[in-house]
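Below are the chains, spelled out letter by letter.
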Protein chains: 4
Amino acid sequence: MLEALKEEVCKANLDLVTEGLVIQTFGNVSGIDRASGLVVIKPSGVPYDGMKPEHMVVVELETGKVVESNLRPSSDTATHLVLYRAFKDVGGIVHTHSLYATAWAQAKRAIPAMGTTHADYWHGEVPCTRLMTNDEITSEYEANTGEVIVETFDGIDPLHKPAVVVASHGPFAWGKDAHDAVHNAVILEYLAHLASETLKINPATGSMQGVLLDKHFLRKHGPKAYYGQK
Amino acid sequence: MLEALKEEVCKANLDLVTEGLVIQTFGNVSGIDRASGLVVIKPSGVPYDGMKPEHMVVVELETGKVVESNLRPSSDTATHLVLYRAFKDVGGIVHTHSLYATAWAQAKRAIPAMGTTHADYWHGEVPCTRLMTNDEITSEYEANTGEVIVETFDGIDPLHKPAVVVASHGPFAWGKDAHDAVHNAVILEYLAHLASETLKINPATGSMQGVLLDKHFLRKHGPKAYYGQK
Amino acid sequence: MLEALKEEVCKANLDLVTEGLVIQTFGNVSGIDRASGLVVIKPSGVPYDGMKPEHMVVVELETGKVVESNLRPSSDTATHLVLYRAFKDVGGIVHTHSLYATAWAQAKRAIPAMGTTHADYWHGEVPCTRLMTNDEITSEYEANTGEVIVETFDGIDPLHKPAVVVASHGPFAWGKDAHDAVHNAVILEYLAHLASETLKINPATGSMQGVLLDKHFLRKHGPKAYYGQK
Amino acid sequence: MLEALKEEVCKANLDLVTEGLVIQTFGNVSGIDRASGLVVIKPSGVPYDGMKPEHMVVVELETGKVVESNLRPSSDTATHLVLYRAFKDVGGIVHTHSLYATAWAQAKRAIPAMGTTHADYWHGEVPCTRLMTNDEITSEYEANTGEVIVETFDGIDPLHKPAVVVASHGPFAWGKDAHDAVHNAVILEYLAHLASETLKINPATGSMQGVLLDKHFLRKHGPKAYYGQK
């Protein structure tokens, strides 16, 4: 069942380790098969060492019910499902506690677009969610984490700003598929690191010029892109 | 004599090196056999390279007397013994001079619980001890280091906050056994690093919401935990 | 056609990866053959893994026309060409988004000569360009990036200060040839890191004494140099 | 001639690379044979890769004359010789531009003894020299660098504080022999890093209590030491 997707999601989870984005059993990647309405996700609290495609858990997009697996799905599964339901073009989602992006999340600050490295991938800042209410935390916490992210992206194309930092928590990134989501999580971590180092030199650094932001983003994305090979 | 424990303690000491928590001969791990009242600990000032289980030193919990060994025990042995006597559920103790946790110790500040990465392991801040008095330093220094830690944990379950930073010194971490203590020392170092990076972005960052702290800690610990596999 | 130069430029591009100066497909190196007026440069957006000399693109210095290749040249080619036209003694150019130099670029600050490590290679600060105007960004952006660098070096020998940080963007470095340009990009990254760490300790640190700057630069460069072997 | 010392000095120079204390051809180590009044030192500007004992240069302590070698000695040789003449118990000297120690040198600040990691090796702060005068820089610069270090250690036992940061320049470390000097340079870099990280958390952190400093230094050094094996 969904063998190719399981393999892709398993590989994407292991890539998190290779890329240095996770410690211990933290972090999880999922991918969705839109046709069948099924989501494949990492099991909860299982070591990366020895992780195989058959350990991936299949759940229903609409209900969260486990369709196939002896293992429990990631404890963050409900967050992933809320995002897949709201972000129709997203095919893969990553959650990590990677160092620099998590530091921005803990600082409860959006990551400003400070330069062209950022603008090449993100069309503006990496948003930070508002704090959750006590009610949102004590009931349906994981689903509500998804809801507060969706609220943050009201009116924003999620593929133009493919990540968020959840206040007092850490980053979620996404993409066209699981592989692309990991790629964006890697870029996010670099941008977060770069922005931190920039603040060290000039604490007042804010966003770059809007015209330069547009120039770089649209040079790589959209109908007039001219970066890379045809 | 206590061959299995010696092997476990030796491996835990070597894991400190693999995890990047020690430089030179700094750092030491011990484990306790509660039934016999004996503690196994690293010898003092011996290089990690070539360290073997038979080099581990066995001392009496109550007296500190060396029961078996040609080598002197770690100069911090008296600190370990005081902690074992006060913290009845602790089975292993680690002391390091790891970079980020030691920086917090030198800054003489507790590490606040700034986010869920922290809350997944610690039920609140990592405490910092008060400064020791001249008398405490000049006589029975190592035992008094233990006493000041115990004083800091008055009314706190040491397994709910499994480490401390000793002011102007460095971290001590502990756990159910020597392996678990090293695991907690690794997490502590990551949390200390993460908290430092957070301050760089927002120097005013303090503790996270208490409700969120409880949610994450109790999601992984205690009777209602639902993280990981059954 | 220009086989030796293609090999040198390809190797220099791969050295960027080895030296840790690039992530993803960012970064590009070029080299010039002054006799024929031809420039060899990395193709746009091609992965470093598997990059070969035959992938390098040959373009005309004066027109930017591709002379030989099935691949598009780097999107930054126009910047390189403007620099080669203005800096007659430069034989190789590097552009990266390396962490610390880019942080200075994002902070929109020149990197002061804070010590002898810097003075051994740079005869003064690493300049930072002014912000580009909206017009400069929206038309001929890449060529105008070159023009604003050239404007910054008015009256400065580019081989005495072999790099610049472009505001809100990142560093360009150069040298006698492609290999030397990469060498200077490596040194620049170390100097940028060193200067950032210095600000952390003393935020008021400015330039070193002029006499000491001259002493170190001229000890290694110019007719009275006495560093190294004859 | 002095084959054993050449081998030791060569190995110590290569250890600088292994320990991550040098980039490019920066850095040099020397060792002295007090009986013959001869100093063995690294040649100037020679790559570490392929460096062999026979490349080491032998110079006279009193005159600086090269006794044996086809290669020029390190451009910092005169600094080493001044230190050997003033510090009679020193057997090896190291100069590096290692990141964190050099940052303190550029910040023109002594490194305070902030905790026991420092006190285990240094009996107080790592001193910083005063700025050199224009005259001292323009004539006999390298010898004067040594003189300003010696001036800084007036009344201090150099083996109780086995390093200095030279303002706007970088660290010199020393020890009983070349190996011990490299060991102290490694510790110095860790202490410099640790002190920087501490300032990030609490910029007001100063020296530790004097009683605690004495306790830790004397626990490892001097007649009442009880650290390590007998």
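The residue numbers shown here count from 1 along each chain, following its written sequence. For naming, the first written chain is A and the first written ligand is 1, with later ones following in the order written. Selection of residues for local features in this predicted model requires a pLDDT of at least 70, selection of side-chain atom pairs for listing and counting requires 80 or more, and totals for whole chains, interfaces and linings are taken over all residues. Excluded from the side-chain calculations are hydrogens and water; all other atoms, namely the structure's heavy atoms, are used.

Re the overall build of chain A
A count of helical and extended segments in chain A gives eight helices and seven strands. Seen along its three principal axes, the alpha-carbon backbone of chain A occupies a region of about 50 × 50 × 35 Å. The burial tally for chain A puts 60% of its 230 residues in the buried class. Note on definitions: a residue-residue contact is assigned when non-hydrogen atoms from the two residues lie within 4.5 Å. In chain A, the share of contacts with a sequence separation of at least 24, taken over all contacts with a separation of at least 6, comes to 63%. A run of DSSP states H or I qualifies as a helix once it reaches four residues; a run of E qualifies as a strand once it reaches two. Both are numbered from the N-terminal end. Accessible area is worked out with a 1.4 Å probe on protein chains only. A residue is then buried under 20% of its type maximum, exposed over 50%, and partly exposed in between.

Notes on the packing of helix α3 (residues 99-107) of chain B against helix α7 (residues 178-201) of chain D
How two helices pack is summed up by the angle between their axes together with the distance between the axes. Running from N to C, α3 of chain B and α7 of chain D point in directions that differ by 60°, and their axes come no closer than 8 Å. As judged from the angle between their axes, α3 of chain B and α7 of chain D are oblique. Of the two possible hands of crossing, α3 of chain B and α7 of chain D adopt the one that is right-handed. When α3 of chain B is examined against α7 of chain D, the residues L99, Y100, T102, A103, W104, Q106 and A107 of chain B are found in contact with a partner set consisting of Y190, H193, L194, A195, E197, T198 and I201 of chain D. In this classification, Asp, Glu, Lys and Arg are treated as charged, Ala, Val, Leu, Ile, Met, Phe, Trp, Tyr, Cys and Pro as nonpolar, and every other residue, Gly included, as polar. Grouping the constituent residues of the contact of α3 of chain B with α7 of chain D by class yields nine nonpolar, four polar and one charged. Axis angles are defined between N-to-C directions and span 0 to 180 degrees, where every axis is a line fitted to C-alpha atoms and, for a helix, only to the segment in contact. An angle below 35 degrees is treated as roughly parallel, one above 145 as roughly antiparallel, one from 65 to 115 as roughly perpendicular, and anything else as oblique. Left-handed describes a crossing whose near helix is turned anticlockwise from the far helix by less than a right angle; the clockwise case is right-handed.

Quick notes on the relation of the copies chain D and chain B
One copy of the chain maps onto the other through a rotation about an axis plus a displacement along that axis. What sets the superposition is a least-squares fit of C-alpha atoms, and only residues with pLDDT of at least 70 in both copies go into it. In the superposition of chain D on chain B (RMSD 0.0 Å, axial shift 0.0 Å), the rotation amounts to 90°. Taken together, the rotation and translation describe the operation of a four-fold axis. Nearest to the rotation axis, the C-alpha of K200 of chain D is located 5.1 Å from it, this being the minimum over chain D. A share of only 6% of the interface residues of chain D reappears at the interface of chain B, consistent with the copies meeting through non-equivalent patches.

So, the interface of chain A and chain B
Contacts between chain A and chain B engage 36 residues on the former and 32 residues on the latter. If you sort the residues of chain A by the area they bury against chain B, R72, L99 and Q106 of chain A come out on top, with a joint share of 22%. Criterion for a salt bridge: a side-chain nitrogen of Lys or Arg within 4 Å of a carboxyl oxygen of Asp or Glu. Joining chain A to chain B, the criterion identifies three salt bridges. Side-chain atoms alone can form a polar contact between residues adjacent in sequence; in general such a contact is a pair of N or O atoms within 3.5 Å, and within protein one must be able to donate a hydrogen while the other accepts it. Taken together, the connections running from chain A to chain B amount to 10 residue pairs in polar contact (both at pLDDT 80 or more). Every element with two or more residues in the side of chain A that touches chain B is listed here: α3 (99-107), α5 (134-138), α6 (141-152) and α7 (178-201) of chain A. Considering each element in turn, the side of chain A that touches chain B owes the most residues, seven residues, to α3 of chain A. Here the side of chain A that touches chain B is composed, by residue class, of 15 nonpolar, 14 polar and seven charged. Defined here as a combined quantity, buried area equals the accessible surface (1.4 Å probe) lost by two parts on assembly, summed across both.

Here we look at the interface of chain D and chain B
Listed by partner, the interface residues are 32 residues for chain D and 36 residues for chain B. Buried surface at the junction of chain D and chain B, both sides included, amounts to about 3100 Å², of which 56% is carbon and sulfur. Three residues stand out in chain D for area buried against chain B, namely Y190, I201 and Q229 of chain D, and they jointly supply 22% of the buried area on that side. Remark: the boundary between chain D and chain B carries three salt bridges. We note a salt bridge from E197 of chain B to K200 of chain D, for which the minimum N-O separation is 3.6 Å. Taken together, the links from chain D to chain B amount to 11 residue pairs in polar contact (both at pLDDT 80 or more). Those elements that place two or more of their residues in the side of chain D that touches chain B are α4 (116-119), α7 and α8 (210-220) of chain D. Element by element, the count of residues in the side of chain D that touches chain B is highest for α7 of chain D, at 11 residues. Across the side of chain D that touches chain B, the residue classes tally to 13 nonpolar, 12 polar and seven charged.

With respect to the relation of the copies chain A and chain B
Mapping chain A onto chain B calls for a screw motion: a turn of 90° about the axis and a shift of 0.0 Å along it, with 0.0 Å RMSD after fitting. When you check the interface residues of chain A against chain B, a mere 6% turn up at the interface there too, and the two sides of the contact use different surfaces.

Details of the side chain of S168 of chain D
With respect to the secondary-structure elements, S168 of chain D resides in the loop between β6 (163-166) and β7 (170-175). Leave out the neighbours within four places in its chain, and S168 of chain D touches M114, G115, T116, M208 and L212 of chain C together with A105, Q106, K108 and L131 of chain D.

Details of the sheet that holds strand β1 (residues 28-33) of chain A
Residue and element names in this part refer to chain A. By definition, two strands form a pair when at least two bridges between them are found by DSSP. Strand order in the open sheet made by the seven strands is β4-β3-β2-β1-β5-β7-β6, with antiparallel pairing throughout. Edge positions in the sheet fall to β4 (66-68) and β6 (163-166), since each of these pairs with one other strand and no more. Adjacent strand axes in the sheet meet at a mean angle of 25°, parallel and antiparallel pairs treated alike. Of the strand pairs in this sheet, strand β2 (residues 38-41) and strand β3 (residues 57-60) are connected by four bridges, and their pairing is antiparallel. By the bridge assignment, L38 is partnered in β3 with E60. Each of β1, β2, β3, β4 and β5 (92-95) touches helix α1 (residues 3-18); the most contacted strand, β1, lies at about 155° to it.

Considerations on the pairing of β3 of chain A
Here β3 of chain A runs beside β4 of chain A; their pairing, made up of two bridges, is antiparallel. Residue pairing in the sheet places V59 of chain A in a bridge with V66 of chain A of β4 of chain A.

Quick word on the sheet that holds strand β3 (residues 57-60) of chain B
Residue and element names in this part refer to chain B. As summarised here, the arrangement of the seven strands in space is β4-β3-β2-β1-β5-β7-β6, forming an open sheet in which the pairing is antiparallel. Only two strands of the sheet have a single neighbouring strand rather than two, namely β4 (66-68) and β6 (163-166). Neighbour-to-neighbour, the strand axes of this sheet turn through a mean angle of 25°, independent of strand direction. Strands β1 (28-33), β2 (38-41), β3, β5 (92-95) and β7 (170-175) of the sheet are contacted by helix α2 (residues 77-86), whose axis makes an angle of about 40° with β1.

Things to note about the environment of P47 of chain C
By the secondary structure assignment, P47 of chain C is in the loop between β2 (38-41) and β3 (57-60). Spatially, the C-alpha atom of P47 of chain C lies 23 Å from that of Y100 of chain C, the residues being 53 residues apart in sequence.

With respect to the UniProt feature "domain: Class II aldolase/adducin N-terminal" (unreviewed entry) in chain A
Under the feature "domain: Class II aldolase/adducin N-terminal" (unreviewed entry), the UniProt entry names residues 7-196 of chain A. Annotation note: span residues 7-196 of chain A, helix share 37%, strand share 16%, distance between end C-alpha atoms 35 Å. UniProt positions are given in the numbering used here, feature names are shortened, and annotations may be inferred rather than shown by experiment.

A short note on the packing of aromatic side chains
Geometrically, a pair of aromatic rings is defined through the distance of the ring centres and the angle of the planes. Under the pairing criterion, centres of Phe, Tyr and Trp rings, with the six-membered ring standing for Trp, must be within 6.5 Å; the plane angle then separates stacked pairs below 30 degrees from edge-to-face pairs above 60, leaving the rest tilted. One pass over the structure, following the stated rule, counts 16 aromatic pairs over all chains. When the ring of Y121 of chain A is compared with that of F26 of chain C, the centres are 5.8 Å apart and the planes differ by 75°; the resulting orientation is edge-to-face. Pair noted here: Y121 of chain A is in the loop between α4 (116-119) and α5 and F26 of chain C is in the loop between α1 (3-18) and β1 (28-33), and the two residues belong to different chains. Taken as a pair, Y121 of chain A and F26 of chain C share a single burial class, namely buried.

Notes on the pattern of salt bridges
For the coordinates displayed, the defined rule picks out 44 salt bridges over all chains. Of the charged contacts in the structure, one is a salt bridge between R85 of chain C and E62 of chain C, with a shortest N-O distance of 3.9 Å. Linking R85 of chain C in helix α2 (residues 77-86) with E62 of chain C in the loop between β3 and β4 (66-68), this pair joins segments that are 23 residues apart in sequence. A salt bridge links E151 of chain D to R130 of chain D, with the shortest nitrogen-to-oxygen separation between them at 2.9 Å. With E151 of chain D in helix α6 (residues 141-152) and R130 of chain D in the loop between α4 and α5 (134-138), this residue pair connects regions lying 21 residues apart in the sequence. Classification of E151 of chain D by relative accessible area gives partly exposed; the value is 44%. Linked by salt bridges that have partners in common, E197 and K200 of chain A, E197 and K200 of chain B, E197 and K200 of chain C together with E197 and K200 of chain D make up one network.

Concerning the side chain of R219 of chain D
Positionally, R219 of chain D belongs in helix α8. A distance of 2.7 Å separates the side chain of R219 of chain D from the side chain of E142 of chain B, its partner in a polar contact.

Focus: unusual backbone geometry
Residues and elements named next belong to chain A. Although it is not a glycine, L2 sits at a positive phi angle of roughly 50°. With respect to the element layout, L2 can be found in the segment before α1. The backbone phi angle of S168 is positive, close to 60°, even though this residue is not glycine.

Some details on α1 of chain C
Residues and elements named next belong to chain C. One less than the number of residues in a helix, times 1.5 Å, gives the span that helix is expected to have. Taking 1.5 Å as the rise per residue, α1 with 16 residues should run 22 Å; its terminal C-alpha atoms sit 23 Å apart, in good agreement. Buried residues of α1: L5, K6, V9, C10, A12, N13, D15 and L16, and no others. Among the structural elements, β1, β2, β3, β4, β5 (92-95) and α7 (178-201) are those in contact with the buried residues of α1. G20 sits one or two positions beyond α1 and adopts a positive phi of about 75°.

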